[in-house]
Amino acid sequence: MCIDLHTHSVYSDGTNSPAELIKIAVDSDLHAISLTDHDTIDGIDEFLHHGHSTKIKVIQGLEICATHNKTSLHILGYGIDYRQQELNSKLSLLQRGREERNRKIITQLQKLGIDISDLELQNKSRCGQAGRPHIASILKQKKIVKTMAHAFKHYLRKGAPAWAERFTFSAAETIDMIHQAGGIAVLAHPGHIDNSMKKQPQLIRELCQRGLDGLEIYYPGHTKKIQRFFIELAKRHQLIATGGSDYHGENKPQRKLAGTDNSFCPPDSLFSNLQQRLLQGPNYKQSWPIDK
Ligand code: AMP
Ligand code: ZN
Ligand code: FE
Ligand code: FE
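Residues numbered from 1 in each chain as written. Chains lettered and ligands numbered in written order. Predicted model: local features only at pLDDT ≥ 70, side-chain atom pairs only at ≥ 80, totals over all residues. Heavy atoms only, no water.

Caption draft 1: Layout of the coordination of the iron ion (ligand 3). Here the iron ion (ligand 3) is held by Glu63 (OE), His74 (ND1) and His189 (NE2), and the distances to it run 2.1 to 2.2 Å. For the iron ion (ligand 3), all donor residues lie on one chain, and their spacing in sequence is E-x10-H-x114-H. The two metals, the iron ion (ligand 3) and the iron ion (ligand 4), are separated by 3.4 Å and share Glu63 as a common coordinating residue. Here His189 lies in the loop between strand 6 (184-187) and helix 8 (200-209) and His74 lies in strand 4 (residues 71-78), a separation of 115 residues in the sequence. Residue class for His189 comes out buried when judged on its relative accessible area of 12%. (Donors = N, O, S within 2.8 Å, 3.2 Å for Na, K, Ca; no water. Helix = DSSP H or I, 4+ residues; strand = E, 2+ residues; numbered from the N terminus. Buried < 20%, exposed > 50% of the residue type's maximum accessible area, 1.4 Å probe, protein only.)

Written out as C-alpha cells, the structure reads:
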C-alpha cells in the first residue's frame, strides 16, 4: 500500500479542503496521509477530525520555508503539538512576513501597469493565507499570462520584476521550533535544492549537526538514481526516510496524490518508521531497505 506524507490544502496554496483530501485518499486506498500546508497548521483540526472517522491513518504536519547560508529550504515537521503557543507565535511571524511580501509584490505589479489589488488577493485565498501561487492564478485569470508557470517566470520567481523577499527563520531555528513542539524535522524534496546533487552532501551534514531527523526520499521529481543517492546519505547520517507527492489540487494539476496512478507510491513501511521515530526519539534506528 502507498502513503502520502506531503499534501497541501486550501489553508495554504492547495485547492482541496482537508476533508476533500481525506476523501480522495480513502478513494485511492492510501494507507496513511499527512497534511503539510506551508507555514500554517490551520487546517489540521479539520484534517484529523475527518481522518479519524475513516480507516486511513493520519498525522499532522506542516512545511516551513527556511534559509540556510542563503539557500532556501523547505522543512517538513511531523507529529507536532500543533496547539503549542510558541509554535503558533512563530508561525504568526511567518504569516506576517507573507502579508508584507504580498503587499510588496502587488505594489510592484501595479508599477508595471498591472491592475491588481490587495482585496483581489484576499478573495483568492479561501482560508486566509495567500502566497505567490494565488497571485499567479490572478495573473492567469486576467490573461496577463497564459499559465501559472509563466507568471512565475516573468514576474514572481527570484530575480523577476515583481519578486520580493520575505521573512524566514534559519534552518536551525526551524528544526528547533519543530523539536520544541514535539515533532520531527524532515528536509523536503532534497533533490530540488541543486539538480547536480553537488551541494546536498555538505548541506545535509550541516543540517544533521543542527538536529535534522529525516529526508523526503520519495518525491515525484526524484528518479530511482536520486532516491539511491539520498538513501546512502540517510544511512550515513542515521536519518529516517519519508515520502510524499506535494499534492496541490488544481494549482499543480499534473501532480497527483500518491496511489492515484501507478507511478508514485511511497511504501507504507515509511509511516510505521515515522511513528516509531516519534515514539522512541533519536535512538530509533530505521531498518533498511524500507521498500521491501
Ligand atoms: P510562496 O510560498 O508564496 O513562496 O510560493 C511557493 C509556492 O509556489 C510553492 O508551492 C511552489 O510549488 C510554487 N511555485 C514556485 N515556483 C513555481 C513555478 N515556477 N511554477 C508554478 N508554481 C511555482
Ligand atoms: Zn505550495
Ligand atoms: Fe516545498
Ligand atoms: Fe509542498
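Caption draft 2: Up close: the site of ligand 1. Close to ligand 1 lie Asp13, His38, Arg98, Arg101, Gly131, Arg132, Pro133, Ala149, Phe152, His248 and Lys252, which account for all nearby residues. Bound to the protein, ligand 1 loses 72% of the 500 Å² it would expose on its own. For the shell around ligand 1, the secondary-structure elements that each account for two or more residues are helix 3 (85-111), helix 5 (132-141) and helix 6 (148-156). Residue composition of the shell around ligand 1, grouped by class: three nonpolar, three polar and five charged. (Near = heavy atom within 4 Å. Areas by Shrake-Rupley, 256 points an atom, 1.4 Å probe, with all protein chains shown as cover. Nonpolar A, V, L, I, M, F, W, Y, C, P; charged D, E, K, R; others polar.)

Caption draft 3: Representation of the coordination of the zinc ion (ligand 2). Summarising the metal site, the zinc ion (ligand 2) is bound by the protein donors Asp13 (OD), Asp13 (OD), His38 (NE2) and His248 (NE2), whose distances to it range over 2.0 to 2.7 Å. As a motif over one chain, the donors of the zinc ion (ligand 2) read D-x24-H-x209-H.

Caption draft 4: Region of the structure containing the nonpolar core. Ile33 and Leu215 are the most contacted members of the largest nonpolar core, which has 66 residues in total. Every residue in contact with Ile33, bar those within four places of it in the chain, is listed here: Asp4, Leu5, Thr7, Leu21, Ile22, Ala25, Phe47, Ile56, Lys57, Val58, Ile59 and Leu257. (Core = buried A, V, L, I, M, F, W, Y, C linked by side-chain atoms within 4.5 Å. Contact = heavy atoms within 4.5 Å.)

Just geometry here; none of it tells us what the structure is for.
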